[in-house]
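# Fold and geometry: a report
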Amino acid sequence: MLTWRMVLAALLVGVVLAVVSVPVAAVIAANTRNSGPGLMGFYLGADHVVLVYKFEHPASVRWLSNCYPPDDVFDAKPGDPRPAFARTRYTASADRVECWRAGWPAIAAQGRIVTRYGEASAKHSQGLLAATLAGKDIAFPWRPIWPGLLANTLFYAALALTPMALLRWRRTRRRRARGLCVACGYALGERVSACPECGLESRPS
């Protein structure tokens, strides 16, 4: 038998683990060899070309793009394979965008760094925290991807609820076999129809 307290406790555990899975996935990605299709180039206009690199890990995806003059690249392909959040309006001939997504089992958060070069060079971090751990540069995205965050919450909540339900079922079975109240463990008499301690009306056989 499940109770609302068990369900709420499992959901709380699910939320915490879903949030924690994002930085854990970022650390795993920083210590895992890059994999993915590699370079994907495409035209955005007549005066510039953007090259996109995609790096995939077990629990993370990273998009890296650089903007160049069109004479520097000749194998660019049309179309933008990146998610909408990883795109930006390019204003210079050497802009750079780095976008990270992380989470497990579903991608649950994202962030990016937009670097503008030229006369007014500037770097803007949006939904991303950068840190260095054990000599490795790690990016922690914190802007939520709600479908992924919800999926991870339900996944971890189900994992937490399963042992709770099994332990409660085992405790109820043992109390029932010993003639105790399944709710509070009070010793019930042979003719007692309700527990005098907690008021449970239906006494188990």
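What comes next concerns the included structure. (Residues numbered from 1 in each chain as written. Predicted model: local features only at pLDDT ≥ 70, side-chain atom pairs only at ≥ 80, totals over all residues. Heavy atoms only, no water.)

Let us look at the overall build of the chain. A tally of helices and strands in the chain yields 2 helices and 9 strands. Sequence-ordered secondary structure for the chain, helices as α and strands as β, is α-β-β-β-β-β-β-β-β-β-α. Put simply, the chain has 205 residues, and 36% of those count as buried. Long-range contacts, defined as pairs at least 24 residues apart, comprise 48% of the intrachain contacts of the chain with a sequence gap of at least 6. For the chain, the accessible area works out to roughly 12,600 Å², and carbon and sulfur atoms hold 59% of it. (Helix = DSSP H or I, 4+ residues; strand = E, 2+ residues; numbered from the N terminus. Buried < 20%, exposed > 50% of the residue type's maximum accessible area, 1.4 Å probe, protein only. Contact = heavy atoms within 4.5 Å. Areas by Shrake-Rupley, 256 points an atom, 1.4 Å probe, with all protein chains shown as cover.)

Membership of the largest hydrophobic core is limited to 9 residues, which are Ala18, Val22, Ala25, Ala59, Ala102, Ala108, Ala109, Leu149 and Tyr156. Listing elements by their share of this core, those giving two or more residues are helix H1 (4–30) and helix H2 (146–177). At 3 residues, the largest contribution of residues to this core is made by H1. Every residue in contact with tyrosine 156, bar those within four places of it in the chain, is listed here: Gly14, Leu17, Ala18, Ser21, Trp104 and Pro105. Membership of the second largest hydrophobic core comes to 8 residues, among which are Val61, Trp63, Phe85 and Cys99. (Core = buried A, V, L, I, M, F, W, Y, C linked by side-chain atoms within 4.5 Å.)

Our next topic: the side chain of arginine 175. Topologically, arginine 175 is positioned in helix H2. Accessibility expressed as a relative area gives 17% for arginine 175, which makes it buried. With residues near it in sequence (within four places) discarded, arginine 175 still touches Leu180, Cys181, Val182, Ala183, Cys184 and Gly185.

It is worth spelling out the side chain of serine 21 at this point. Tracing the backbone shows serine 21 in helix H1. Residue serine 21 is classed as buried on the basis of its relative accessible area of 6%. Polar side-chain contacts of serine 21 include one of 2.7 Å to the backbone oxygen of alanine 18. Once residues lying within four places of it in the same chain are set aside, the contact partners of serine 21 are Gly103, Trp104, Asn152 and Tyr156. (Polar contact = N/O pair within 3.5 Å; in protein donor to acceptor, adjacent residues only side chain to side chain.)

Two numbers describe how H1 lies on H2: the axes approach to 7 Å, and their chain directions differ by 135 degrees. As the angle between them shows, H1 and H2 are arranged oblique. In the packing of H1 onto H2, the handedness of the crossing is right-handed. Taken together, the residues of H2 that come into contact with H1 (itself represented by Met6, Val7, Ala9, Ala10, Leu11, Val13, Gly14, Val15, Leu17, Ala18 and Ser21) are Leu149, Asn152, Thr153, Tyr156, Ala157, Ala160, Leu161, Met164, Ala165 and Arg168. A breakdown of the residues in the contact of H1 with H2 according to their chemical character gives 16 nonpolar, 4 polar and 1 charged. (Axes fitted to C-alpha atoms, helices over the stretch in contact; angles between N-to-C directions. Parallel < 35°, antiparallel > 145°, perpendicular 65-115°, else oblique. Left-handed = near helix turned anticlockwise from the far one by under 90°. Nonpolar A, V, L, I, M, F, W, Y, C, P; charged D, E, K, R; others polar.)

Let us look at the packing of aromatic side chains. Applying the stated rule across the entire model yields 2 aromatic pairs. Measuring from centroid to centroid gives 5.9 Å for tryptophan 104 and phenylalanine 155, while their planes differ by 85 degrees, and the two rings are edge-to-face. A residue pair is termed long-range when its members are at least 10 positions apart, and tryptophan 104 in the loop between strand S4 (96–102) and strand S5 (109–116) and phenylalanine 155 in helix H2 qualify at 51 residues. Classification of phenylalanine 155 by relative accessible area gives partly exposed; the value is 32%. (Phe/Tyr/Trp six-rings, centres within 6.5 Å; stacked < 30°, edge-to-face > 60°.)

Residues Leu2, Trp4, Val7, Leu8, Leu11, Leu150 and Leu154 make up a contiguous nonpolar surface patch of roughly 680 Å² in combined accessible area. Listing elements by their share of the nonpolar patch, those giving two or more residues are H1 and H2. It is H1 that contributes the most residues to the nonpolar patch, 4 residues altogether. Examined against the element boundaries, leucine 8 turns out to sit in helix H1. (Patch = residues over 30% accessible without salt bridge, like charges linked within 9 Å, V, L, I, M, F, W, Y side chains within 5 Å. Salt bridge = Lys/Arg side-chain N within 4 Å of Asp/Glu carboxyl O.)

Inspection of the secondary structure puts valine 182 in the segment after H2. Sequence separation between valine 182 and arginine 171 is 11 residues; the distance between their C-alpha atoms is 7.8 Å.

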